[in-house]
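# Survey of secondary and tertiary structure
Letter by letter, the chains look like this.
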Amino acid sequence: MTRREAVAAAAAGITIVTSAQAKPAALGGDPVRKKPFPGWPIVGPAEKDGLQRVLTSGKWYRGNGQQVAAFEQKYAELIGTKHCLAVANGTSALMVALHGLDVQAGDEVIVPPYTFIATINAVLSKCALPVFVDTDAASFQIDPSKISAAVTDRTVAVIPVHIAGTPADLDGVLAAAKPKGLKVLEDAAQAHLAEWKGKRVGTVGDCGTFSFQASKNLNSGEGGAVVSNDGDFIERCYAYHTNSNARKPPAGSGAFMSGWNGAPAAQGANLRLTEFQAALLLAQMERLDAQSKRRDENAAYLSKLLSEIPGVTPAAWPKGATRSAWHLYMFRYDASQFANLPRAKFLKALSAEGIPASGGYAPLNRQPFMENILNSRGYQRIYGAARLKQWREQNELPVNDRLCNEAVWFTQTMLLGEKRDMEDIAAAIGKVRQFASALATSSTPA
Ligand SMILES: Cc1ncc(COP(=O)(O)O)c(C=O)c1O
């Protein structure tokens, strides 16, 4: 049997393994794949030159260097927005943007539960109340049809998160948010170059935020950005991110970096990106387009192969999504189609075949930290027992609970290699399915 025939069989859910592979790797057989997937980050002369230039210039921060400003201009052009402010990381981008939107203690902000905890932490950093809205079963994104019911007279904003780099249903979110006067902050931490109806995400709502943390498709170790077409909003963000120093002090104020530069309009913090990080981003950006195209191609091929395997359902795109960043490749695993092999054992068996995979997020709305926060002195005082009781009663998100038990993730770097890599992934899943019964009854701990 040729390799291609084996892959086709795997894709059809009828893997026929060679004698060397006659057992799943988790039970002592040969793995489908022995080669590692592409590593990350990818580093070349541009990164080294950029860092060296900043090092020898002695200009290491945005106040005296030019890299941060150059990056802001290039990134704004790349995603098609008027303004970009670079900040220390994606979490601080969210905090800065919430400040720019004037989110305050006592306000409520609608969030998805299927996200990284930073989305929620940023809301909590403003002493605002995150209100969770359930997930759409097919897309794994926030379900806009459930937003209206979660709005109260304290709600000021919605944060759709483009999870895995695939756009959330922005038309649905805007239709729910705008008639109620809510701001829309797109958390695009995972979604560089993703598109909604041909427009880059982060530019569809009132503002967007990005992360350039080490795992992200655009990476400087740590880093983040806030984008918007609203110049006044960006100036509020700018002042906040550099300890309340406005970019353009009022004429005649005369003060500079003495704590206040003449007109402290609000509180602030130091959340500046360094020149070193901006130099790395400028270099990494040169590869972003080609890498994104490679992920597009490989993900489409993988979806074609996986959609044929019973029990594996790739996450759907909301209607209106025209490009994913493929920061993650996600699918739903149906154990009933795999001889009731528990997901934990499926993941272990896949990993033994040389295909690293994870089960993704746990339900954030149920994590103990939320209860601790609701019980804190400050939240009790600001929101009152009646509102917090109601919050707990409404905090039932059955679609998300189920998804958190069924999801499987591959990381973006697995999509950066060859078509053959996708065939390995499909073949490994097919093989695990073929031996699911033996794996399910084996005593190997999950
Ligand atoms: C959806 C989401 N929001 C926010 C963040 C926070 O970004 P950072 O880690 O750069 O602070 C992340 C990072 O993983 C994320 O995935």
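Everything numeric in this text was worked out from a predicted model, so none of it was measured.

Here is what the cut-offs are and how they apply
Residues numbered from 1 in each chain as written. Predicted model: local features only at pLDDT ≥ 70, side-chain atom pairs only at ≥ 80, totals over all residues. Helix = DSSP H or I, 4+ residues; strand = E, 2+ residues; numbered from the N terminus. Expected span 1.5 Å × (residues − 1). Contact = placed C-beta atoms within 7 Å. Domains from an automatic or database assignment. Pairing = 2+ DSSP bridges. Axes fitted to C-alpha atoms, helices over the stretch in contact; angles between N-to-C directions. Near = placed C-beta within 6 Å. Nonpolar A, V, L, I, M, F, W, Y, C, P; charged D, E, K, R; others polar.

### Considering helix α3 (residues 67-79)
Between its first and last C-alpha, α3 extends 18 Å over 13 residues, near the 18 Å set by a 1.5 Å rise per residue. Close packing links the buried residues of α3 with α2 (45-57), β1 (83-87), β7 (199-200), β9 (224-228) and α8 (275-306). Gly-80, located one to two residues past α3, shows a positive phi value of around 80 degrees.

### Side note on the domain arrangement of the chain
Taken domain by domain, the chain comprises domain 1 (3-38 + 287-360 + 403-441) and domain 2 (45-284). Put simply, the middle of domain 1 and the middle of domain 2, counted by C-alpha atoms, are 33 Å apart. Every contact between the two is made by 20 residues of domain 1 and, on the other side, 27 residues of domain 2. Secondary-structure elements contributing two or more residues to the side of domain 1 that touches domain 2 are α8, β11 (321-323) and β12 (328-333).

### Quick look at the sheet that holds strand β13 (residues 407-411)
The strand order across the open sheet built from three strands is β10-β12-β13, with neighbouring strands paired in antiparallel fashion. A single partner strand is all that each edge strand has here, and the edge strands are β10 (312-314) and β13. Strand-to-strand twist of the sheet, defined as the mean angle between neighbouring strand axes without regard to direction, takes the value 30 degrees. With five bridges joining them, β12 and β13 adopt antiparallel strand pairing. Pairing of Leu-328 across the sheet is with Thr-411, part of β13.

### What to know about unusual backbone geometry
Leaving glycine aside, a negative phi is the common case for residues, and trans is the common case for peptide bonds. For the bond from Trp-40 to Pro-41, the omega torsion is 5 degrees, close enough to zero to count as cis. One non-glycine residue, Cys-127, adopts positive backbone phi at about 60 degrees. Along the chain, the position of Cys-127 falls in the loop between α5 (117-125) and β3 (129-132). A positive phi angle is found at Asn-243, which is not glycine, with a value near 50 degrees. Along the chain, Asn-243 turns up in the loop between α7 (231-241) and α8.

### Some remarks on the site of the ligand
Not every one of the 14 residues close to the ligand is listed here, only the nearest: Gly-90, Thr-91, Ala-118, Ala-189 and Ser-211. When residues of the shell around the ligand are traced back to their parent elements, those giving at least two are α4 (90-100) and α5. Class assignment of the residues belonging to the shell around the ligand gives a composition of four nonpolar, nine polar and one charged.

### Topic: the sheet that holds β3
Here seven strands make up an open sheet; going across it, the order is β1-β9-β8-β5-β4-β2-β3 and the pairing mixed. Pairing within the sheet leaves two strands with one partner each, and these edge strands are β1 and β3. On average, each strand axis in the sheet is inclined to that of its neighbour by 25 degrees, with strand direction left out of account. Relative to β3, strand β2 (residues 108-111) runs parallel, the two being bridged by four bridges. Opposite Ile-110, over in β3, you have Val-131 as the bridge partner. Here α4 sits on the sheet in contact with β1, β5 (183-187), β8 (207-211) and β9, set at roughly 165 degrees to β8. Along the sheet, α5 makes contact with β2, β3 and β5, crossing β2 at roughly 175 degrees.

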